[in-house]
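# A look at the structure
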Amino acid sequence: MKRKNLTSLKFSVIVLIIIWSVKIFEIVFDYDFTEYGVLPRKFNGLIGILFSPLIHSDVNHLLSNSLPVIVLCLLIFNFYSQIAKKILIYLYFISGLWLWCIGRESFHIGASGLIYAMASFLFFSGILRKNSQLSAVALLVIFIYGGLFWGLFPIHKNVSWEGHLTGFIAGILVSFIFRKDGPKRKKYNWEIEEDLEVNDNEPNHYIN
């Protein structure tokens, strides 16, 4: 358990270091990486699928995304230790590709889309597995992050609601893809007893 927690913490910290390093580089060298964001339906905008979540408009933008990124990464690695990296890769690229397909013709930057994807994945994965612990954790994150639901709609002109929406939908899709992997729903004693009774009553099968 300690090793799993250490691995999840290490990965989350690495992600945070990378996105902060990008912003520090911009500040120190007076550079702007915005042109490496997702530019929908433009061939040169495809590179943003890879780099967009690492780029932020300013320090406040980065600060608002830092805590959700590290908390959600920790949760996914703790609940899905064996397949966490695969889940994050799916969420990262599916949300980015869909944003490239439907977004407004402007550069889209920031980790918010990935945040929506991770929160959505945890929530819907808990529902599909009937795992109340997973769903409760996701709801707590949504509550802490604040205003997550409203971010799915075009309320603020300069906010990429398309990135939020595609991340949210990507989370639903990936939760369905990995619905048979990861933590299993805890069974109560009466359910276990019922399963045993069913198995005892089933006739034996022999292969000739």
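Our structure's up above, just so we're on the same page.
## Here we look at the nonpolar core
Among the nonpolar cores identified, the biggest contains 31 residues, and Ile76, Tyr80, Ile87, Leu91, Met118, Phe121 and Leu122 are the most heavily contacted of them. Listing elements by their share of this core, those giving two or more residues are helix 3 (59-79), helix 4 (84-102), helix 5 (112-129), helix 6 (132-145) and helix 7 (161-177). Of the residues forming this core, the biggest block, eight residues, is contributed by helix 5. If we ignore the near neighbours within four places in the chain, the residues touching phenylalanine 121 are Ile76, Tyr80, Ile87, Leu91, Gly171, Val174 and Ser175.

## A short note on unusual backbone geometry
The residue aspartate 30 is not glycine, and still its phi comes out positive at about 50 degrees. Its location among the elements puts aspartate 30 in the loop between helix 1 (2-28) and helix 2 (48-51). Of note in the backbone geometry, arginine 41 takes a positive phi value of approximately 60 degrees without being a glycine. The residue arginine 41 is located in the loop between helix 1 and helix 2 in this model. For arginine 41, a relative accessible area of 44% translates into the label partly exposed.

## A few points about a nonpolar patch on the surface
Residues Ile24, Phe25, Ile27, Val28, Phe29, Tyr31, Val59 and Leu63 make up a contiguous nonpolar surface patch of about 770 Å² in total accessible area. Taken together, the elements giving at least two residues each to the nonpolar patch come down to helix 1 and helix 3. Ranked by the residues each element gives to the nonpolar patch, the list is headed by helix 1, at four residues. Turning to its location among the elements, valine 28 is positioned in helix 1. By relative accessible area, which is 57% here, valine 28 ends up exposed.

## Looking at the pattern of salt bridges
Applying the stated rule across the entire model yields three salt bridges. Here glutamate 26 ties to lysine 23 by a salt bridge, and the two come within 2.7 Å at their closest N and O atoms. Of this pair, glutamate 26 and lysine 23 both sit in helix 1, three residues apart, which is roughly one turn of the helix. There is no split in this pair, since glutamate 26 and lysine 23 are both buried. A salt bridge links glutamate 162 to arginine 104, with the shortest nitrogen-to-oxygen separation between them at 2.6 Å. Linking glutamate 162 in helix 7 with arginine 104 in the loop between helix 4 and helix 5, this pair joins segments that are 58 residues apart in sequence.

Calculation notes
Residues numbered from 1 in each chain as written. Predicted model: local features only at pLDDT ≥ 70, side-chain atom pairs only at ≥ 80, totals over all residues. Heavy atoms only, no water. Core = buried A, V, L, I, M, F, W, Y, C linked by side-chain atoms within 4.5 Å. Buried < 20%, exposed > 50% of the residue type's maximum accessible area, 1.4 Å probe, protein only. Helix = DSSP H or I, 4+ residues; strand = E, 2+ residues; numbered from the N terminus. Contact = heavy atoms within 4.5 Å. Patch = residues over 30% accessible without salt bridge, like charges linked within 9 Å, V, L, I, M, F, W, Y side chains within 5 Å. Areas by Shrake-Rupley, 256 points an atom, 1.4 Å probe, with all protein chains shown as cover. Salt bridge = Lys/Arg side-chain N within 4 Å of Asp/Glu carboxyl O.

On their own, these measurements won't tell you what the molecule is for.
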